[in-house]
Each structure stands twice: as C-alpha cells, then as structure tokens.
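Below are the chains, spelled out letter by letter.
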Amino acid sequence: AGLVDTGQGRCYDTRGETPCPRPGEAFFGQDAQYDGITPSCRDNGNGTVSDNATGLMWTKGVDARKVNPEEAETQAKQLRTGGHSDWRVPTIKELYTLIDFRGYTGFEPGQAGMMSLPANAVPFIDTACFDFRYGDSRQGERFIDAQWLSSTHYVSTTMDNNLTLFGVNFADGRIKGYGYRRPGMRGDHKRFFVRFVRGPRYGENHFVDHGDGTVSDQSSGLMWAKSDSGRGMTWGEALKYAEESTLGGYNDWRLPNAKELQYIVDYSSSPDTGNSPAIDPVFETTAITNEAGVRDFPFFWTSTTHRDGPRPGTHAVYVAFGRAIGQMHGRTMDVHGAGAQRSDPKEGTPRIGHGPQGDAQRIYNFVRPVRGGAVAAPARRAERPLPPTRILPAESISSSAPAAAPQGLSLPGGAPPRSGAPAGFQRPGFVSRLDRDGDGRVSRQEFDGPPERFDFHDANKDGYLSEDEAPHLGPPGARMPQGGQGL
C-alpha cells in the first residue's frame, strides 16, 4: 500500500532552496524529508510504458496535434498500441500519478506573455519515460499551454457557466479545471494533449472512520485527521501544526504531500452541487466565506514546494476542496473548480487578482494531517537526478505508433546544442544579470535556475558559467530553432 512519491528531494524555506531542517527547526517535515514509493517505469519498446508502482500502462508518445474530448474518446476506442485494445482516457487521479515535482516552470527576465520557453524550464513529468511537448509558439500558444486531458468532468461549471473538465498541466505543475465548452454552444471544443492508459482502475478510496478523530483509507494505507485545523495558517505554521499533532495517540503525523492530498479529493462533489467540499462526507471540513462573500470551503496546504517563476521555492502546493476562486472581467468566480491543485506564496499578504485568471492568493490555508502509508521516518533523501530532457519538436508523431528513435532533443550528456541556432539566440546579459560579486562569471550560488541545470550548462566543469555557457533562448516572441525548443 502507498502512493507514488512526488520526486521532490530538496528542501526549501520561504525564499528558496535551503539545507533540510532538523526536528524542531522551522520548516521541518516538508516533502523531501519523507521517503515514499519511488516512481519506477519501464519502456516496453512498443510505444507503451509500464508504471511499476501503480500497475498502469501508458502510451509513451504524444501527438503534436491537440484533440478535443470527443476526439480523444474516439481515439481511445480505436487505439491498438502495443497490441492492446482496452485503452482509455485517464481519470484525473490516474493522470496525476505522473506528475513530478522536480519540475520547474522556469523564468526569463522580460518574458512577454509567456510565449518564449525559458532556458531553465524543466517539465513536471519524467521525460526518461514519456515524450513531452510544450505549447507551440508558432501556433500562437504560450509555452505553458501543455494541458493534458483527463476524463474527469467537473460536476459544476467554471468561468461564465462553462462546462469544465480537469486536466494536468505538465509545463507548470498544476491541476486545473478547463472550460471546454459553453452550454448550448456549437463549434469546436478546447483542445488538449492526451496520453492514454490501460490497466486496473486507480484512485477509488475506501474510508474507515475509527471513531477517535481519525479516518483510514484502505486503498492507500494512509490515516487522516477526520477534522481539519479549523483555521488558516502559513506554510511554515502548517508544517509545525501537523508535526506536533498527537491525534488518536499517534505522534507521527505530518503534512501530506501533493499526491497524497489530491488522492482523497472527491471529484463527484462541489460546493455548487451539494453545498459541500470536494471530499467524502466522512471528513469534517470547516466552512469559510470566500472572496465573493459566498459560503465555501478552504484551500489545504501540502508539504510540497512548487518551483515556479523568478524565485523558485517561495510557493507551496495546495489543493482546493472548495471553489478555486479568481477574479475576471470584474467578477469574482470559480475559475478552476473544486479539486484543482495550485500554489500559494508561503508567506505574505492575501490578495486576489494574481495571474491570467485573477487567482485568489490566500496565504493562510488549512491543514489536514496524515500519517502512515509506505512512507519512511523523517530523513534527508537525495533528489533523484533529472533524466535527459527530451522535448519533442513541433511536427506530429502518432501516440499510437511504436516507439522510435527520439525525434526531439536529448539533454544533458554534453554541451548545449549551438550549431544551427539563429544569430542572437544566446541569452543576452546572462552574466551581468546574475553576477552579484562582479567577477565576470556566474557561480552555482548566483545561478537562479534549478541546481541540476547549472551542472548541465557548465560545459567545462569549472564550477562557473561564462557568457559563452549561458543557456540559449531566443529573444521574447522569437520562434525556437526547430527541434531545440530553447533547452
């Protein structure tokens, strides 16, 4: 029993990466300090990938052409990859098993409209197992338009009464509800990437109330607090609250990681359809008044840090068990649905209006402690090395075709590809932007990307990055060189 781990093996405070704290110190008990089941996959050499931990089998490839939900269901029925005919569009819980929180959204100073792919971006999926694509800027997409389709529909609606389904964005590490069609509207639906799955059904909870304030899920081996914290708190306070809990006479409670908390979402419930949170009624959940002045239910912290933007490590993952509130067109509304997974700053001042959907950033989120499962005692584990980053080019390959030689880029394993890059594709001012001590080069401490990318770009292995070793990326709005995608 137990859920597949998030992959995160580095520790963070409110400003960025930090040495892992010891028991009793601030920020102790975060994701990296608990060992779960290590993700493990096997490429079967026939266009399929087996997940050794969940027993699910997946299609390895991904078509460049996105599909709408109806097209995806038709494709699943017709698919014969690996000689199998029982493929299906995954549920949101099945799809979320693939998320890898070693990912980093990336950041490029002066990036306009998020069209250009940052050189330090890392997908939130293991590209040693699966092919991956970012959004295609040549089609007017942002690089983060890498939304993967699930078969899980929101039981309510989002935005302006849009019919909505959930998907995982493996470019920015979030579950979002996507309005794919307005009721009564004719015409094309929103389009997504799709990865098909087969095998045993996954994600069906079996809860047992022990009558002592605890609830066990027999499907995962986890024990949960029946009631939540009753109040919101910062991420650091949430870690401490969970670590210090002695509920039911147990002293090994902790803050759940992102995959553990998402696993107990009940996607058949919502505040709009049942005046209830998106969780089984065996649990007690505190009601709140949301930013629109409406009765709602909280966001809940996880122990997982979300690496996003110019200061990776300042945000932590939360799961919305009530409406995922945002502000658009002067209205405050449910923009992503109960069951969405997003992230908040670990400290600061609550506000609404952040980002394209005007997200509410509450900062003070609730806590539901967890214990048990296939999780080792607190330890400092080393983060698994990132695999070679393989990003497919824009031309289409069939997800139903047998696996072939990679058509995209295979990194690391050598210096970044530079031959054939258009003039001006070296990141301008890389050293001057990051060189805080004025020695004309960028040290590991000065580098603002994921640590593993420093080693990749350090071609001469001298422990510093020169302007010549700067990550390559086109100027904002420029097209990526074919096949390179800027990585």
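Placed above this text is the structure.
This structure is a prediction, so every number in the text was calculated from the model and none was measured.

What counts, and where the lines are drawn
- Residues numbered from 1 in each chain as written.
- Predicted model: local features only at pLDDT ≥ 70, side-chain atom pairs only at ≥ 80, totals over all residues.
- Heavy atoms only, no water.
- Buried < 20%, exposed > 50% of the residue type's maximum accessible area, 1.4 Å probe, protein only.
- Helix = DSSP H or I, 4+ residues; strand = E, 2+ residues; numbered from the N terminus.
- Pairing = 2+ DSSP bridges.
- Axes fitted to C-alpha atoms, helices over the stretch in contact; angles between N-to-C directions.
- Salt bridge = Lys/Arg side-chain N within 4 Å of Asp/Glu carboxyl O.
- Arc of directions from axis to C-beta.
- Contact = heavy atoms within 4.5 Å.
- 1 Å grid on protein atoms, 1.4 Å probe; cavity = no way out; pocket = protein on both sides within 12 Å on 5 of 7 lines; lining within 4 Å.
- Points joined across faces, edges and corners; volume = space filled by probe spheres on them.

Novice: Can you tell me about the pairing of strand β2 (residues 48-51), naming the residues and giving the values?
Specialist: With burial as the criterion, each face of β2 is covered, one bearing T48 and S50 and the other bearing V49 and D51. Of the strand pairs in this sheet, strand β1 (residues 41-43) and β2 are connected by three bridges, and their pairing is antiparallel. In the sheet register, C41 faces β2, and the bridge partner there is D51. If you look at the hairpin formed by β1 and β2, you'll find four residues sitting between the two strands, and G45 has a positive phi there, around 75 degrees. Relative to strand β3 (residues 57-59), β2 is paired through three bridges, and the arrangement is antiparallel. Bridge pairing in β3 links V49 to W58. Counted along the chain from β2 to the antiparallel partner β3, the turn is five residues long, and its residue G55 has a positive phi close to 80 degrees.

Novice: Summarise the sheet that holds strand β10 (residues 222-225); cite the residues concerned and give the values.
Specialist: With antiparallel pairing, four strands are arranged side by side in an open sheet as β8-β9-β10-β20. The open sheet has two edge strands with one neighbour each: β8 (207-209) and β20 (370-372). On average, each strand axis in the sheet is tilted by 25 degrees relative to the strand beside it, whichever way the strands run.

Novice: Can you lay out the pattern of salt bridges for me, pointing to particular residues and giving the numbers?
Specialist: Side-chain pairs of opposite charge can arise where the charged atoms are in close proximity. Throughout the structure, instances matching the rule amount to 20 salt bridges. Here R102 and D126 are joined by a salt bridge, their closest N and O atoms 3.9 Å apart. Pair noted here: R102 is in the loop between α2 (92-96) and β4 (147-158) and D126 is in the loop between α2 and β4, with a separation of 24 residues, a long-range link. R102 gets classed as buried once you look at its relative accessible area, which sits at 0%. Note that R323 is salt-bridged to D296, the shortest N-O span being 3.4 Å.

Novice: Tell me what's going on with helix α3 (residues 235-243), and back it up with residues and numbers.
Specialist: Taken residue by residue, α3 has W235, G236, A238, L239, A242 and E243 as its buried positions. Projected down its long axis, α3 shows its buried positions confined to an angular sector of 160 degrees, all on one face. Among the structural elements, β13 (299-306) and β14 (315-320) are those in contact with the buried residues of α3.

Novice: Any chance you could break down the layout of surface pockets for me, citing the residues and the numbers?
Specialist: For the largest pocket, the calculated volume is near 940 Å³. As for the largest pocket, its lining consists of 45 residues, and the residues nearest its centre are R142, I144, G355, P356 and Q357. When residues of the lining of the largest pocket are traced back to their parent elements, those giving at least two are β4, β6 (174-181), β14, β16 (331-334), β17 (341-345) and β19 (359-361). Residue contributions to the lining of the largest pocket peak at five residues, all from β6.

Novice: Could you give an account of the sheet that holds strand β7 (residues 197-198), with specific residues and numbers?
Specialist: Spatial ordering of the open sheet is given by β1-β2-β3-β7, a layout of four strands whose pairing is antiparallel. Of all the strands in the sheet, just β1 and β7 have a single pairing partner and so form its edges.

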